[in-house]
Amino acid sequence: GLKTYHRLRVRSWMGLDHSGRPVQFERMGEFLCEASAKFLSNDEWVRYYACDQDNVFKEMRMAANQVGKSINTFAYVGDFGGFSWTIAPRVLANEARLITHLASVVERHYPEVAGNIIIINAGHVFKKLFEVFKLGLDPVTVGKIEVYSEVPLDRLLKLMPKSSIPTEYGGSCSRP
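Residues numbered from 1 in each chain as written. Predicted model: local features only at pLDDT ≥ 70, side-chain atom pairs only at ≥ 80, totals over all residues. Heavy atoms only, no water.

**Focus on the side chain of Q24**
Looking at the element boundaries, Q24 is found in strand β2 (residues 22–26). By relative accessible area, which is 6% here, Q24 ends up buried. (Helix = DSSP H or I, 4+ residues; strand = E, 2+ residues; numbered from the N terminus. Buried < 20%, exposed > 50% of the residue type's maximum accessible area, 1.4 Å probe, protein only.)

Have a look at this one:
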């Protein structure tokens, strides 16, 4: 269960942004290409995602201790590279349903902790589907989402130092 969850969620905490918030990068394209929803039941996804929320709060507490001020949000960068028309029908039937379900659970039971949400390498297919998908999200959350078809290094650098951006995206952070 939990090992499978961690294998499917390919992401890392990379450092802090200019405001002192923790920065997380995730390879969502890999998550979607793997047909990840089928590996766990909805109840398992919710349970492990809830445990993940504890890790988010831990990262925010560590950041607050490091910068000496309260930190209530984190910055998220999701890489949707690899998402294409060939997997879109399956994603709509499975992963999109799962993500919408997880978002509704999180919105009901956890405070709003997402700061900037930057979606990168989001091709035309993602942008079209996102127009529909965002209708099921909280409008406050939708207002935080920025979607880019490439890696917007200039935008990332406005939010965070180069040391919090992985090398593959033009930064200097070499953490896995």
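Once you've had a look at it, read on.
**Examining the packing of aromatic side chains**
Enumeration over the complete set of coordinates arrives at six aromatic pairs. On the numbers, 5.8 Å between centres and 50° between planes, the contact of Y5 with Y48 is tilted. Here Y5 is found in helix α1 (residues 2–8), whereas its partner Y48 is found in helix α3 (residues 42–67), with 43 residues between them in sequence. In terms of burial, Y5 and Y48 fall into one category: buried. Through a chain of ring-to-ring contacts, three or more aromatic side chains come together here, namely Y5, W45 and Y48. Against the face of Y48 rests R47, its NZ or CZ located 5.3 Å from the ring centre. (Phe/Tyr/Trp six-rings, centres within 6.5 Å; stacked < 30°, edge-to-face > 60°. Lys NZ or Arg CZ within 6 Å of the ring centre and 35° of its normal.)

In short, geometric facts, not functional conclusions.
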